[in-house]
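# Observations on the model geometry
So you can see what is in the structure, the chains are spelled out below.
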Amino acid sequence: MGANTSQVTDLSENTSLKALVGTESISENDPFWNQLISFTFISPTNSGDSKLLEEAVIPLAKTLIQNNPRTGNFGALVRVFLGRTKELKISTECQDQLFIWQAHNALFMIRCLVKVFIREMSEEELQQQFSFQERAPGSCGAGSEDLLEELLLNLVHLIVEVPLLDITYSILFEAVTTLLIFFSYQLFHKDILRDGLIYQHIMKGRCLELTSRLVKTLLYNFIRQEKCPPPTAHIFEPKAEGGLLYGLASGVASGLWSVFTLGGAGNSAGIDQDNNLLPLSNQSLLLLLVLANLTDGPDWPNPFRQAITCFRNTQDTSSLPVEPPHTFQINFNSLYTALCEQQRSDQATLLLYTLLHQNANMRTYILSRTDMDNLVLPILEILYHVEDRNSHHVYMALIILLILTEDDAFNRSIHEVVLKNISWYTERSLTEISLGSLLILVVIRTIQFNMTRTRDKYLHTNCLAALANMSAQFRSLHQYAAQRIISLFALLSKKHNKVLEQATQSLRGRQGDNAALPDYAQDLNVIEEVIRMMLEIINSCLCNSLHHNPNLVYALLYKRELFEQFRSHPSFQDIMQNLDTVIGFFSQRLEQAGSDLSVERVQEVIMKGAQALPKDRLKKFPELKFKYVEEDQPEDFFIPYVWSLVFNSGVGLYWNPHGIELFSMDSG
């Protein structure tokens, strides 16, 4: 950085930067500043380049921390940037690209320095760095204005007021990234931060009235999915006489373009590359999630959560008797489309969860869509590749399914959507299957994976709750889905017998030895709860839609011996009555039909029998309905999760993992 610098390795020797962090005060009117912010340094967009930049900036920032109380040069740099932001909208309208680029450079320098400051000092000390001004020896050096709040307010204004164009893309990206950096204090604290100067400035101060506009703009940045613009020929024409414009030719834009689209040295593959292609979209979404998950203050609610909770569709013309605070309108169709397209990333899945759970307008809209498969299929694909996903992403996908299955219309409609050739489902060729049957297959697969690998009770509970919510509406289950339901029961039965045997053997082998034994009783209790739930799910389907599901009856009859051991078990006797009735009824009809029946003939007997079975023969049970409820103090889960996404997916951001306190490095 500094005039015409282009390499990270040059930073420590750059004379302009040395002057900035040195012992001499520089007036904000000095021509030095114009020279300082006229450089062609390319903002890094991958963790490798970002690490190099961070390591180069740290010694400069530490020198500035020592000298700034006397020089006030950092405050002067901030005021130089603020002076330029006042004219940004006019510069955009006039296509004054040089002015915009210099404002971007000033902000980029501020962001790099603040990032180091935050790691090195408290919020109070940070505010002091903003307040120091040039002073004579012995005089007071703190200014009366709150430059920190002024900068935060200007960043929000910049994001919501400057239109997204090719020439403004970089500075908008930098403004979003700088705001994100200001909240990064949380990374260095194990406990959740619930108050502080930056929180108060953003949630209570002059920024408050811009809340809805900021949330709306960040959402639209996510919706638009704009790639970093390609370079235009000679974006800055060099002047014949040289001077400040010399060297600011099209290399600036083409350099930025190549880094954003192709990545630079050390770029990691996969999702990092996806984020690099859409840097503003990705960073805006991360900032939105950080803001939405800030805790309420001691005496004020989080206004960003209020905005996310109540925004409405642009097509909604109804008027409310009382407008909720910070409400706004946005195009739901565009938002829905973007959500469908972006589910491969954790942060897009977390946004979908947030909207489904907190915004009733958006939830109603999503559930009314006739193309729900566009949203549900990407969620199922996340669960299908459970081995490759982090556990938080799997939880979010599963909870989204649970919220959707709370709606009966959803549970009916998914069995009417027929899919062909699901390429990512590789265990078996599915040439044609309903969305409902596929959902059942994927959830059962997730349960089986969890039983053999992670053994997470929370995961089990949510999977079973989603199946239970759907069970009364099961329709025309695919043959393979019906088989997998019974196969899961077989697996549970086998596991139950194994734990029972282990418990018996350990009791026999104990012989007065008081050493602690494995808690087989607890294991047995968990397995029996899951078995009970599976029996209730099968029973719910038989009671409510037996005649719609001949394949489930066929699978039940084929494996009827599985259920015999549970007939007399006190935990299952009541629920087994209906299964016994169904198995007995259809077995008798098959016997009457003769021996050596073909599969087709068996299915025919089942179809006719389903119409003939009197409804009153089956005992009625309460309807299975489960509702997702967020845990108490959800911030203990969501804030570390969101910041792990910023840490791992923030474009052009690197933090040394050794100083991170909020989460363990293997949880991201």
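I will try to describe carefully the structure that is included in this document. Every chain begins its residue count from 1, and numbering advances along the sequence as written. Restriction of local features to residues with pLDDT of at least 70 applies here, the model being predicted, together with a cutoff of 80 or more for giving and counting side-chain atom pairs; totals for whole chains, interfaces and linings are based on all residues. Just so you know, side-chain values use all the structure's heavy atoms and leave hydrogens and water out.

For the purposes of this entry, the term helix denotes a DSSP run of H or I that reaches at least four residues, the term strand denotes a run of E that reaches at least two, and both are numbered from the N terminus. Of regular secondary structure, the protein chain possesses 29 helices and four strands. Exposure is judged per residue with a 1.4 Å probe applied to protein chains only, and the accessible area is read against the type maximum: over 50% gives exposed, under 20% gives buried, and values in between give partly exposed. A burial count over the protein chain gives 55% of its 668 residues as buried. Two residues form a contact once any of their heavy atoms are found within 4.5 Å. Taking the contacts inside the protein chain whose residues are at least 6 apart along the sequence as the reference set, 75% of them involve residues at least 24 apart.

This part is about unusual backbone geometry. With phi around 65 degrees, His-326 is a residue other than glycine that occupies positive phi space. Structurally, His-326 is set in the loop between strand S1 (312-313) and strand S2 (329-330). You can call His-326 partly exposed: its relative accessible area is 22%. Phi at Gln-633 is positive, roughly 50 degrees, even though this residue is not glycine. Mapping Gln-633 onto the fold places it in the loop between helix H28 (599-612) and helix H29 (635-649). On the basis of relative accessibility, which here comes to 48%, the residue Gln-633 falls in the partly exposed class.

So, on to the packing of aromatic side chains. Stacked, tilted and edge-to-face pairs are distinguished by plane angle, under 30 degrees for stacked and over 60 for edge-to-face with tilted covering the rest, among Phe, Tyr and Trp rings (Trp via its six-membered ring) whose centres lie within 6.5 Å. Following the criterion strictly, the structure yields 24 aromatic pairs and no others. On the basis of an interplanar angle of 20 degrees and a centroid distance of 6.5 Å, the ring pair of Phe-647 and Trp-655 is categorised as stacked. Above the ring of Phe-99, the side-chain terminus of Arg-84 is found at 5.0 Å from the ring centroid. When the NZ atom of lysine or the CZ atom of arginine is within 6 Å of a ring's centre and also within 35 degrees of its normal, the charge is said to sit over that ring. Over the ring of Tyr-384 we find Arg-445, and its NZ or CZ is 4.1 Å from the ring centre.

We now examine the packing of helix H3 (residues 47-71) against helix H4 (residues 73-85). Axis definition: a line fitted to C-alpha atoms, limited for helices to the stretch in contact. Angles are taken between N-to-C directions and run from 0 to 180 degrees. Running from amino to carboxyl end, H3 crosses H4 at an angle of 80 degrees, the nearest separation of the two axes being 7 Å. Relative to H4, the element H3 lies roughly perpendicular. Note on element contacts: H4 touches H3 through Asn-73, Phe-74 and Gly-75, opposite Leu-64, Asn-68 and Thr-71. A per-class count over the contact of H3 with H4 returns two nonpolar, four polar and no charged. Here roughly perpendicular refers to angles of 65 to 115 degrees, roughly parallel to angles under 35, roughly antiparallel to angles over 145, and oblique to all remaining angles. Under this grouping Gly is polar, as are all residues other than the nonpolar Ala, Val, Leu, Ile, Met, Phe, Trp, Tyr, Cys and Pro and the charged Asp, Glu, Lys and Arg.

Below, the discussion takes up the packing of helix H25 (residues 520-545) against helix H27 (residues 573-593). Geometrically, a packed helix pair is captured by the angle between its two axes and the distance between the axes. Running from amino to carboxyl end, H25 crosses H27 at an angle of 45 degrees, the nearest separation of the two axes being 10 Å. Taken together, the axes of H25 and H27 are oblique relative to one another. The handedness of the crossing between H25 and H27 comes out as left-handed. Contact residues: Arg-532, Leu-535, Glu-536, Ile-538, Asn-539, Leu-542 and Cys-543 in H25; Asp-574, Ile-575, Met-576, Asn-578, Leu-579 and Val-582 in H27. Its residues placed into classes, the contact of H25 with H27 shows eight nonpolar, two polar and three charged. Crossing handedness is defined as follows: a turn of the near helix away from the far one that is anticlockwise and smaller than a right angle gives a left-handed crossing, while the clockwise case is right-handed.

All right, on to the environment of Lys-625 then. Along the chain, the position of Lys-625 falls in the loop between H28 and H29. Judged by relative accessible area, Lys-625 falls into the partly exposed class, the value being 34%. When residues no more than four places from it in sequence are discounted, the contact partners of Lys-625 are Thr-405, Glu-406, Asp-408, Asn-411 and Asn-469. Here Asp-408 takes part through its side chain, which lies 2.8 Å from a polar atom of the side chain of Lys-625. Nitrogen and oxygen atoms within 3.5 Å of one another constitute a polar contact, given that in protein one can donate a hydrogen and the other can accept it, and given that sequence-neighbouring residues count only through two side-chain atoms.

On to the side chain of Asn-462, then. Among the secondary structure elements, Asn-462 is positioned in helix H23 (residues 457-471). Residues contacting Asn-462, with those up to four places away along its chain left out, are Leu-398 and Leu-402.

The subject of this paragraph is the nonpolar core. Among buried residues, those of type Ala, Val, Leu, Ile, Met, Phe, Trp, Tyr and Cys that are joined through side-chain atoms within 4.5 Å constitute a nonpolar core. Ile-202, Leu-438 and Phe-563 are the most contacted members of the largest nonpolar core, which totals 226 residues. Excluding anything up to four places from it in sequence, Ile-202 contacts Leu-152, Val-156, Leu-179, Phe-183, Cys-207, Leu-208, Leu-291 and Phe-304.

This part covers the pattern of salt bridges. Where side chains of opposite charge bring their charged atoms close, a pairing between them can arise. A carboxyl oxygen of Asp or Glu within 4 Å of a side-chain nitrogen of Lys or Arg is what we treat as a salt bridge. Counted by the stated rule, this structure contains 21 salt bridges. Its salt-bridge partner being Asp-580, residue Arg-567 comes within 2.8 Å of it at the nearest N-O pair. One end of the pair, Arg-567, is in the loop between helix H26 (550-558) and H27; the other, Asp-580, is in helix H27, and 13 residues separate them in sequence. With a relative accessible area of 40%, Arg-567 lands in the partly exposed category. Owing to a relative accessible area of 25%, Asp-580 belongs among the partly exposed residues under this scheme. In this structure, Arg-601 engages Glu-604 in a salt bridge whose closest nitrogen and oxygen atoms are separated by 3.4 Å. Separated by three residues within a single helix, Arg-601 and Glu-604 lie in helix H28, roughly one turn from each other. Relative accessible area serves as the criterion here: at 31%, Arg-601 is assigned to the partly exposed category. Owing to a relative accessible area of 37%, Glu-604 belongs among the partly exposed residues under this scheme.

What follows is about helix H11 (residues 211-224). Helix span, expected: 1.5 Å multiplied by one less than the number of residues in the helix. The end-to-end C-alpha distance of H11 is 20 Å, a good match for the 20 Å that 14 residues give at a rise of 1.5 Å each. Among the 14 residues that make up H11, ten are buried, leaving the element largely enclosed by the rest of the structure. Backbone geometry just after H11 places Gln-225 at a positive phi near 50 degrees.

Within the secondary structure layout, Ser-413 lies in helix H21 (residues 408-413). Sequence separation between Ser-413 and Gly-436 is 23 residues, and the spatial gap between their C-alpha atoms is 8.2 Å. Among the polar contacts made by the side chain of Ser-413, one reaches the main-chain carbonyl oxygen of Phe-410 at a distance of 3.1 Å.

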